[in-house]
Amino acid sequence: MGGLLHHWRHPRRCYVICGIARSGSNLLSDGLRETGRAGRPNQFFFSEFQSFFRDRQNLPHDISFLAYVRAVIKGTATSNEVFGFKLMAGYLEDFLAQLRLTSAFGGNETSDLDLLRNAFPRLRFIRIWRRNKLRQAISKARAIQTGLWKVQPGKGETGPAQFDPDLIERSLRAAEEQEKIWDEFFARNQIDPFVVEYEELCRSYEATIRATLKFLQITLPRGKKFTPPVTKKQSDAISDEWERRYNELKTT
């Protein structure tokens, strides 16, 4: 562990993508990652994923959270010293508590913003959100049923998708609660995040990625070509049908 800390140094800039389930965070983070200049953003600090990322970086499973944070930064920052990560509203408070418990970035008297910026220097905030909340809830309901959270080559459904208006309704309410968590976090810390709308990202993929890079003050090599996104839209005829059936139930 000493070796991990001995060679650690701050990246030149950090950023966090703040989202909720089915908000388009995969599409955005994949687009930024593919540039080769914006880190390799992922949910490194979600407790259920940490074992996977420890294994991928050959880290010991008994590594402290402090050493883990520093190892992830060092191991996933791009050559221009940019580090990015994703953070979902559902585990925001747990993540902040873990950072405080290290005592390396601040204590109970330290504001959330100062705590984060002590851990991730020059941290910038990107908020990804989805305008069509019903389609977002339908997407989450399908993912829960099928086990397919990211549509990409090599991944398939593990269960059937069946129209369930109660599950869609619960997904709608959960999205409202989680968006409120981000609203309150940004207001409390007087943060004005860069906002990416999922629908605009789908409509103007390259332009939106370039605008995000501009916000992050990251330049690309002249003539950089963008490849099609790895993450595919889940929305299809099934989504259309579920939206129609849900709206019909609500108007009867």
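Note that the coordinates shown come from a computational prediction; the quantities given were computed from them, not determined experimentally.

Draft legend 1. Examining helix α6 (residues 112-119) more closely. Of the positions making up α6, those classed as buried are Asp112, Leu113, Leu115, Leu116 and Ala119. Down the axis of α6, the buried side of the element spans an arc of 160 degrees, and every buried residue falls inside it. In this fold, the buried residues of α6 make contact with α4 (65-76), α5 (92-102), β3 (123-129) and α8 (165-188).

Draft legend 2. Main features of the environment of Ser103. Note that Ser103 resides in the loop between α5 and α6. The exposure class of Ser103 is exposed, given its relative accessible area of 62%.

Draft legend 3. Just the side chain of Arg127, in detail. Following the sequence through the fold, Arg127 ends up in strand β3. At a separation of 2.8 Å, a polar atom in the side chain of Arg127 contacts the side chain of Asp183. Apart from the residues lying within four places of it in its own chain, the contact partners of Arg127 are Cys18, Glu179, Trp182, Asp183, Phe186, Pro193, Phe194, Val195 and Val196.

Draft legend 4. The arrangement of the packing of helix α7 (residues 133-146) against α8 in detail. Relative orientation of the contacting elements α7 and α8 amounts to 115 degrees, with a least axis distance of 8 Å. The hand of the α7/α8 crossing is right-handed. From α7, Lys133, Leu134, Ala137, Ile138, Lys140, Ala141, Ile144 and Gln145 reach across to α8, where they touch Leu167, Ile168, Ser171, Leu172, Ala174 and Glu179.

Draft legend 5. Structural view of the pairing of strand β1 (residues 13-19). Counting buried positions along β1 yields seven of seven residues, so the element is predominantly enclosed. Residues Arg13, Tyr15, Ile17 and Gly19 of β1 are buried on one face, and the alternating residues Cys14, Val16 and Cys18, pointing to the opposite face, are buried as well. Inspection of the sheet shows β1 paired to strand β2 (residues 82-88) by seven bridges, in the parallel sense. Each residue of the ladder has a partner; that of Arg13, found in β2, is Val82. The sheet contact formed by β1 and β3 spans five bridges and is parallel. Bridged to Tyr15 within β3 is Arg124.

How each quantity is defined
Residues numbered from 1 in each chain as written. Predicted model: local features only at pLDDT ≥ 70, side-chain atom pairs only at ≥ 80, totals over all residues. Heavy atoms only, no water. Buried < 20%, exposed > 50% of the residue type's maximum accessible area, 1.4 Å probe, protein only. Helix = DSSP H or I, 4+ residues; strand = E, 2+ residues; numbered from the N terminus. Arc of directions from axis to C-beta. Contact = heavy atoms within 4.5 Å. Polar contact = N/O pair within 3.5 Å; in protein donor to acceptor, adjacent residues only side chain to side chain. Axes fitted to C-alpha atoms, helices over the stretch in contact; angles between N-to-C directions. Left-handed = near helix turned anticlockwise from the far one by under 90°. Pairing = 2+ DSSP bridges.

Scope: geometric values only; no functional claims are made or implied.
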